[in-house]
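# Observations on the three-dimensional arrangement
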Amino acid sequence: MDSVVLLQRQLVDYTAQLFNEGFLDDQFNQLQQLQDESNPDFVVEVVTLFFEDSERLLNELAKALEQQSIDYRKIDAHVHQLKGSSSSIGAQRVQKVCIAFRNYCEERNIEGCQKCLQQVKNEYSLVKTKLETLFKLEQQVLAAGGSIPWPMQ
Amino acid sequence: MTLKMQQSYHRSVAVKVNEQQMGTKRGYTFIQANRTWLPKVLLLWVIAMALFSLTIYNGMDADNRVRRKEVLGSMCDQRARMLQDQFSVSVNHVHALAILVSTFHYYKNPSAIDQETFAEYTARTAFERPLLSGVAYARRVIDSERQEFERQHGWTIKTMEREPSPIRDEYAPVIFSQETVSYIESLDMMSGEEDRENILRARATGKAVLTRPFRLLGSHHLGVVLTFPVYKSKLPPSPTAAQRIEATAGYLGGAFDIESLVENLLGQLAGNQAILVNVYDITNSPDLLIMYGHQNLDGDLSLLHESKLDFGDPFRKHLMTCRYHEKAPASWTALTTAFLFFVIGLLVGYILYGAAIHIVKVEDDFHEMQELKVRAEAADITKSQFLATVSHEIRTPMNGILGMLALLLDTDLSSTQRDYAQTAQVCGKALIALINEVLDREKIEAGKLELEAVPFDIRSILDDVLSLFSEKSRNKGIEVSTREPQEGQLAVFVSDKVPEIVVGDPGRFRQIITNLVGNSVKFTERGHIFVKVHLYENAKAMTDTKLDTCLNGGSNESALSSGSKKFKTLSGCEAADDQNSWDKFKHFSDEDFRSDASINVMTNNEASEDVGLMVCVEDTGIGIPLKAQGRVFMPFVQADSSTSRHYGGTGIGLSISKCLVELMGGQIDFISRPEVGSTFSFTAVFGTCKKNVFNNMEKRNAEALPSGFRGLKALVVDGNLVRATVTRYHLKRLGILAEVVSSLKLAASSCGKNGSLTSGGKIQPDIILVEKDSWISGEDGVSSVWQLDLKQNGHAFQLPKMILLATKITNSEFDKAKGAGFSDTVIMKPLRASMVAACLQQVLGMGKKRSQGKGMPNGSSFLQSLLCGKRILVVDDNRVNRRVAAGALKKFGADVECAESGKKALELLQLPHIYDACFMDIQMPEMDGYVFQSCFMILDCSCSVIYWLYFLE
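As annotated in an unreviewed UniProt entry, chain B carries the name histidine kinase and comes from Salix dunnii. Checking UniProt for chain B, the heading Catalytic activity (unreviewed entry) contains the comment "ATP + protein L-histidine = ADP + protein N-phospho-L-histidine." Listed under Subcellular location (unreviewed entry) in UniProt, the entry text for chain B is "Endoplasmic reticulum membrane".

Naming follows an unreviewed UniProt entry, where chain A appears as Histidine-containing phosphotransfer protein of Salix dunnii. The heading Function (unreviewed entry) in the UniProt record of chain A holds the text "Functions as a two-component phosphorelay mediators between cytokinin sensor histidine kinases and response regulators (B-type ARRs). Plays an important role in propagating cytokinin signal transduction."

In structure tokens:
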């Protein structure tokens, strides 16, 4: 039982840390609230969707920025998508970089764009790692027979 | 796309026009095709008629001429015969005279004849010889005998010139002569050329011979001389010429004074004046010797008849010719006949020509009209098209304007600004409503409107419509309440036989009802507006019974109207259609209540069948002027032009309603009496649905009436039976059993003065609803007494709740009512089941014990109820966003479907769609103007809600 409590504690702490460090925002909370008995894997499902989407978009972006003549509209559309999905799951830092990215895009600043792409990639891999860890912790709690103390108020 | 459609449509119209034009070309008749020939044909006809007339004339004239010729011939022949007869008679007589002379002069010796005897005899027998002017006898005297002869007679033989005759071989001196020719006595006949020839010929032949015509001695008339030989001895049977000459004793001669004699003869015959007769001697043909008649020919030369004359002398040939004196007169008959024929022909020709010309003209006109018709139709279609397009084009920006105004109103505004914005919004809404109506009409006209078939609750729709107008009607009621004891009332009644859930188009049904009720509200200043729904068959049966009563019992309505000026209608005012008066209303409302039990059975049995509903909207407004009643359903036509000034509106509503009703398989009609009111009624066919669908509906219907009142009993106190029935209907819908009494007194007695007694036989009501009129009519004292009674009876713990029903109530009245015991509540009319339910809940203290979502935070219970069971479409190209939105909506019980693109959404949204709402990201890359507009239009048309989402911008 102790291990469960410990794990739960760890989970709560980790989540709180994610919020504090600004990786996640309230939107993630909302997402978690939407998860219930009828839809137990909602958060994981949505986040997985987010991962798939983001990786695809990042690849597209990288490809687009390597082109001789850069199609800023296309890049803007991709960044918009990324911004939309990141804000949907509450990946705050990704979202913020996206906003900057779009500004550069509007200015047709290729250097800014390339810089932002790097940043977005970094942020994305960070948040991905964090969320994967979070889900792993959740799995462990569940495996240990505990319940996940969501939603957090 | 719409543009393309329009183009193709125009093209099809053009093709149609072409076809029709070709059709009209084919439609040219024979006459039309040969129009240039018409004058020529007429000319030809006239010529033909002239020729024909000429032929007729010629034919008739020829007949005439033949007849004339025949007449001439017969006349001529007759004359010739007569002349011949007379001549032969004369000749015969001369013959007889010759025999007489030979007998009495030569055979007797001495001679029995001398000059006197001869003269007398011949004079007396002159009538026998009508043609002879006189006869004479000349003796043959041979030269040797001359002296002897001259001596014997005492005179010398003279020639014709009255000179002594020279010596010749022989002589023929006249010895006897008739007195008329006595001047030739002693003249030698042989001295005259003609006479000598005659004598020689006569004695050789022994027959009468004639001279050629010559001027006679004495008279100098034309004449011929007849000579007959007298033989002195009897001749042998066939004597030779020499023998005859030898035997000749003398010659008897007579002069035919043909001229005068023929004149005489012809004078005796008819038609003498008409014809000219000539007699010729043609012995030496062709040299014609005229015997009678004028040498110079006059008269009608064209027609001549010749008749042979035989005067007994074979040597001489004679001929009679006859001519008409005058030329043949023109035949008037023939002339007139021919002329008439010609005139008739001319007229017939002209008439035919005129007819042909007229046909040509009419056909020309017809073709012109047809072309104009085609053009007018095309113009009409174009107009509709234009109207629809323009309406649509206006509507799109209008929605924007309205939306922006709504947003504007949500911001912080000063009161003036708010007022302006609100005014703008109201105007915009009015405009949109008008455009929608126009668009509707065009759609219906183009046959593009399709009705939905979804189950809906007819009663709740009626309630909704009623609530829409309740404020308006209440305001109107206030205006007149000081003058009128009855207030403006709006009420609805649905027969129990009408199934609760029917299948049809609720939106359109609501539109019709709204339109009719809206009109009624508009035009009604006092009295009532009453909406009734029955089964069609019931309504018909009712009409039948009405007819029966009219036939049997005479009209007691008239007695009513003349007597008390109070009618058994909802408000007591007279209604246009007295079918709705209480006598009839009661009939079927009773039936309704009686047949409660059978309804369920019936609805079960007829689960899948159609049901015909008859909806009546009765008002006591200004009515429709009789002359305008014919064009009530014509679009854009109002009773008169002042109507729109007074009451507003476009006049399109009723025509749309009519179209909609017809689409619903029914008919709309109205009865209206000016200054009395109008009753519009329509029938519509709806489907009934099966129980399971019904249950679904029940679940979906968020506003299902609360069932907590079932089994309650109520007492309705109302003097007006119609109104009471309406109240009872609403209570019944809540499951409350209601009794109606007409006054408070009766109410008190029905409850009984003694509670313990009443509980046995009579109903103990839980609620008492009192109509304000019944209460105001001076019975407040009674009610207080009654209250007291009830309290005294120790029933205080279950005192019936007293509720006042009023259309409008002033503050003072309200206070008074409170004082009189109606402390519980006042229910404001018009009654609606949901409102009644709410009031009763309040009164009975039931509270809102509606089950809430389990464990849901309080704030989201509203969302839960709002979204539960709703079908929602989420459109976003971002998978994550989509998933999140869907999850969120599902959480609140919504039935969510997703679409990843605007196009996909459009496919799903094709009418008729099933969604109640659509959430759409308008920043999708393919969200171009077209998709946007189409979505907008669809959603707008289908009364759905559309939320434009700016996802987390």
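### Some thoughts on the overall build of chain B
If you tally the helices and strands in chain B, you get 30 helices and 28 strands. Counting the 953 residues in chain B, one finds 45% classified as buried. Here the analysis covers contacts within chain B between residues at least 6 apart in sequence; of these, 75% occur between residues at least 24 apart. In the structure as shown, chain B presents an accessible area of about 49100 Å², 57% of it carried by carbon and sulfur atoms.

### Topic: the overall build of chain A
The secondary structure content of chain A amounts to 6 helices and 0 strands. Going from N to C terminus, chain A has its helices and strands arranged as α-α-α-α-α-α. The burial tally for chain A puts 48% of its 153 residues in the buried class. Nonlocal contacts in chain A, meaning residues at least 24 apart in sequence, comprise 68% of its contacts between residues at least 6 apart. Accessible surface for chain A amounts to roughly 8000 Å². Of this, 47% is attributable to carbon and sulfur atoms.

### Describing the pairing of strand β12 (residues 318-324) of chain B
All names here are of chain B. Within β12, 7 of the 7 residues are buried, which leaves the element mostly enclosed by the surrounding structure. Judged from the 6 bridges that link them, strand β11 (residues 304-309) and β12 form a sheet pairing that is antiparallel. Bridge pairing in β12 places serine 307 opposite methionine 320.

### Some points on the UniProt feature "modified residue: Phosphohistidine" (unreviewed entry) in chain A
Residues and elements named next belong to chain A. Taking the numbering used here, the UniProt-annotated feature "modified residue: Phosphohistidine" (unreviewed entry) corresponds to His80. The topology assignment puts histidine 80 in helix α4 (residues 72-89). Of the residues examined, histidine 80 reaches a relative accessible area of 16% and is grouped as buried.

### Comments concerning the pairing of strand β26 (residues 895-899) of chain B
Residue and element names in this part refer to chain B. Looking at chain direction, strand β25 (residues 871-875) and β26 are connected through 5 bridges and run parallel. For isoleucine 872, the partnering residue across the bridge sits in β26 and is valine 896. As a crossover connection, the stretch from β25 through helix α28 (residues 879-891) into β26 is right-handed.

### Section: unusual backbone geometry
All names here are of chain B. Of note, the phi angle at arginine 162 is positive, near 60°, even though the residue is not glycine. Checked against the element boundaries, arginine 162 lands in the loop between α5 (146-153) and β3 (170-171). For arginine 162, a relative accessible area of 46% corresponds to the partly exposed category. Here the phi dihedral of glutamate 675 falls at roughly 70°; this positive angle occurs in a residue that is not glycine. The topology assignment puts glutamate 675 in the loop between β18 (668-673) and β19 (677-688). According to the relative accessible area criterion, glutamate 675 is exposed, its value standing at 61%.

### Examining the environment of Asp669(B)
Residues and elements named next belong to chain B. Along the chain, the position of aspartate 669 falls in strand β18. Overall, the relative accessible area of 47% leaves aspartate 669 in the partly exposed class. When the C-alpha atoms of aspartate 669 and phenylalanine 680 are compared, they prove to be 5.9 Å apart, with 11 residues separating the residues in sequence.

### Overview of the nonpolar core
All names here are of chain B. By size, the foremost hydrophobic cluster in this structure holds 52 residues, and its most contacted members are Ile458, Phe509, Val517, Phe682 and Phe686. For this core, the two domains that each supply at least three residues are domain 3 (450-476 + 486-538 + 568-586 + 609-638 + 651-692) and domain 4 (705-750 + 764-778 + 799-845). If we ignore the near neighbours within four places in the chain, the residues touching phenylalanine 686 are Phe456, Ile458, Val502, Val503, Gly504, Asp505, Phe509, Glu609, Asp610, Val611, Leu613 and Met664. Formed by 51 residues, the second largest nonpolar core is a distinct cluster that contains Leu72, Ile113, Leu131 and Phe256.

### Here's the deal with the sheet that holds strand β10 (residues 289-292) of chain B
Hydrogen bonds along the backbone pair up the strands of a sheet, which may run parallel or antiparallel. All names here are of chain B. In spatial order, the strands read β10-β9-β12-β11; together these 4 strands make up an open sheet with antiparallel pairing. Of all the strands in the sheet, just β10 and β11 have a single pairing partner and so form its edges. Along the sheet, successive strands turn relative to each other by an average axial angle of 30°, direction set aside. The pairing of strand β9 (residues 275-281) with β12 spans 7 bridges and is antiparallel. Of the residues in β12, the one forming a bridge with leucine 276 is arginine 323. Strands β9, β11 and β12 of the sheet are contacted by helix α3 (residues 38-107), whose axis makes an angle of about 25° with β11. Where helix α8 (residues 258-267) meets the sheet, its contacts fall on β9 and β10, and the angle it forms with β10 comes to roughly 50°.

### Some points on the interface of chain B and chain A
Opposite the 13 residues of chain B that make contact, chain A presents 22 residues. Summed over both partners, the interface of chain B with chain A buries about 1500 Å², with 51% contributed by carbon and sulfur atoms. Interface area lost by chain B to chain A is led by Arg879(B), Val880(B) and Arg883(B), which between them contribute 38%. Across the contact surface, chain B and chain A share 1 salt bridge. A salt bridge links Glu45(A) to Arg883(B); the nearest nitrogen and oxygen atoms lie 2.6 Å apart. The interface formed by chain B and chain A contains 2 residue pairs in polar contact (both at pLDDT 80 or more). In terms of residue class, the side of chain B that touches chain A is built from 4 nonpolar, 4 polar and 5 charged.

### Notes on the pattern of salt bridges
Counted by the stated rule, this structure contains 20 salt bridges over all chains. Across the pair Arg102(A) and Asp76(A) runs a salt bridge, and its minimum N-O distance is 3.1 Å. Taken together, the residues span a long stretch of sequence, with Arg102(A) in helix α5 (residues 92-107) and Asp76(A) in helix α4 at a distance of 26 residues. Residue Asp76(A) is classed as partly exposed on the basis of its relative accessible area, which comes to 22%. Among the ionic pairs, Lys373(B) bridges to Glu377(B), the shortest N-O distance being 3.4 Å. Taken together, the positions of Lys373(B) and Glu377(B), both in helix α9 (residues 332-410) and 4 residues apart, correspond to about one turn of that helix. Residue class for Lys373(B) comes out partly exposed when judged on its relative accessible area of 47%. We classify Glu377(B) as partly exposed; its relative accessible area is 36%. Each of the salt bridges in this network shares a partner with another, and the network as a whole consists of Arg140(B), Glu170(B) and Arg203(B).

Calculation rules
- Residues numbered from 1 in each chain as written.
- Chains lettered and ligands numbered in written order.
- Predicted model: local features only at pLDDT ≥ 70, side-chain atom pairs only at ≥ 80, totals over all residues.
- Heavy atoms only, no water.
- UniProt positions renumbered as here; feature names shortened; annotations may be inferred.
- Helix = DSSP H or I, 4+ residues; strand = E, 2+ residues; numbered from the N terminus.
- Buried < 20%, exposed > 50% of the residue type's maximum accessible area, 1.4 Å probe, protein only.
- Contact = heavy atoms within 4.5 Å.
- Areas by Shrake-Rupley, 256 points an atom, 1.4 Å probe, with all protein chains shown as cover.
- Pairing = 2+ DSSP bridges.
- Right-handed = clockwise from strand over helix to strand, strands pointing away.
- Core = buried A, V, L, I, M, F, W, Y, C linked by side-chain atoms within 4.5 Å.
- Domains from an automatic or database assignment.
- Axes fitted to C-alpha atoms, helices over the stretch in contact; angles between N-to-C directions.
- Buried area = accessible area lost by both parts, 1.4 Å probe.
- Salt bridge = Lys/Arg side-chain N within 4 Å of Asp/Glu carboxyl O.
- Polar contact = N/O pair within 3.5 Å; in protein donor to acceptor, adjacent residues only side chain to side chain.
- Nonpolar A, V, L, I, M, F, W, Y, C, P; charged D, E, K, R; others polar.

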